[in-house]
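Here is what each chain is made of, one letter per residue.
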Amino acid sequence: MQDLEINSRIRQLITDKGYTIYQLSKESSIPLSTLYGIINNLYLPSIHTLIIICKFLNITMGEFFLEDCSAAPRFLTPTEEQHLFLYRSISSGLQNHIDDYLLLLRESNVLIHK
């Protein structure tokens, strides 16, 4: 990945995930001026800044450098494993209710972040 591709990848991922540069700055404590400098190709992010951006976007560094994030192997946290275990232990009817509830939560979260 070339230098300018890193900057455009950051811009692409922020847009794809429905965030703004301001939200990223506010929630990650990266100065807005730093983010605008990165987005406008004035300089490259440091590794530390890139890690913070990836954490904010909920992706790994490996996923950042892949064209297609769905191709990257995903690993579950212990909490996610527990959620999955509990989900699999209930009836399909209850799973459907949980699926609907999670979709509603995600939609309301997206509306809040826009």
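Below is a summary of the structure that appears in this document. Keep in mind that this is a model prediction, so the values were computed, not measured.

Quick notes on the nonpolar core
No. 1: Ile10, Ile14, Ile53, Leu57 and Phe64 are the most contacted members of the largest nonpolar core, which totals 18 residues.
No. 2: Elements with a contribution of two residues or more to this core: α1 (3-16), α2 (21-28), α3 (32-39) and α4 (47-57).
No. 3: When residues in this core are grouped by element, the largest group, five residues, is from α4.

Structural notes on the packing of aromatic side chains
No. 1: Tallied over the entire structure, the rule returns two aromatic pairs.
No. 2: The interplanar angle of 55° and the centroid separation of 4.6 Å between the aromatic rings of Tyr19 and Phe56 together place this pair among those described as tilted. You can see Tyr19 sitting in the loop between α1 and α2 and its partner Phe56 sitting in helix α4, a full 37 residues away along the chain. Considered together, Tyr19 and Phe56 belong to a single accessibility category, that of buried residues.
No. 3: Between Phe64 and Phe65, the ring centres sit 4.9 Å apart and the planes meet at 80°, which makes this aromatic pair edge-to-face.
No. 4: Judged by its relative accessible area of 0%, Phe64 falls in the buried class.
No. 5: Here the basic side chain of Arg9 rests over the ring of Phe64, its NZ or CZ set 6.0 Å away from the ring centre.

Some words on the packing of α2 against α3
No. 1: Orientation of α2 relative to α3, taken along the N-to-C sense of each, is 135°, at an axis distance of 9 Å. One element, α2, and the other, α3, form an angle in the oblique class. Between α2 and α3 lies a crossing whose hand is right-handed. Between α2 and α3, the contacting residues are Ile21, Tyr22, Leu24 and Ser25 on the first element and Leu32, Leu35, Tyr36 and Ile39 on the second.
No. 2: Classifying every residue of the contact of α2 with α3 by side-chain character gives seven nonpolar, one polar and no charged.

Brief notes about the packing of α2 against α4
No. 1: Interhelical geometry of α2 versus α4 gives an angle of 105° and a closest axis separation of 10 Å. Taken together, the axes of α2 and α4 are roughly perpendicular relative to one another. In contact with Gln23, Leu24, Glu27 and Ser28 of α2, α4 contributes Ile52, Ile53 and Phe56.
No. 2: Classifying every residue of the contact of α2 with α4 by side-chain character gives four nonpolar, two polar and one charged.

Rules used in this analysis
- Residues numbered from 1 in each chain as written.
- Predicted model: local features only at pLDDT ≥ 70, side-chain atom pairs only at ≥ 80, totals over all residues.
- Heavy atoms only, no water.
- Core = buried A, V, L, I, M, F, W, Y, C linked by side-chain atoms within 4.5 Å.
- Buried < 20%, exposed > 50% of the residue type's maximum accessible area, 1.4 Å probe, protein only.
- Helix = DSSP H or I, 4+ residues; strand = E, 2+ residues; numbered from the N terminus.
- Phe/Tyr/Trp six-rings, centres within 6.5 Å; stacked < 30°, edge-to-face > 60°.
- Lys NZ or Arg CZ within 6 Å of the ring centre and 35° of its normal.
- Axes fitted to C-alpha atoms, helices over the stretch in contact; angles between N-to-C directions.
- Parallel < 35°, antiparallel > 145°, perpendicular 65-115°, else oblique.
- Left-handed = near helix turned anticlockwise from the far one by under 90°.
- Contact = heavy atoms within 4.5 Å.
- Nonpolar A, V, L, I, M, F, W, Y, C, P; charged D, E, K, R; others polar.

The quantities given are spatial measurements derived from coordinates; they are silent on function.
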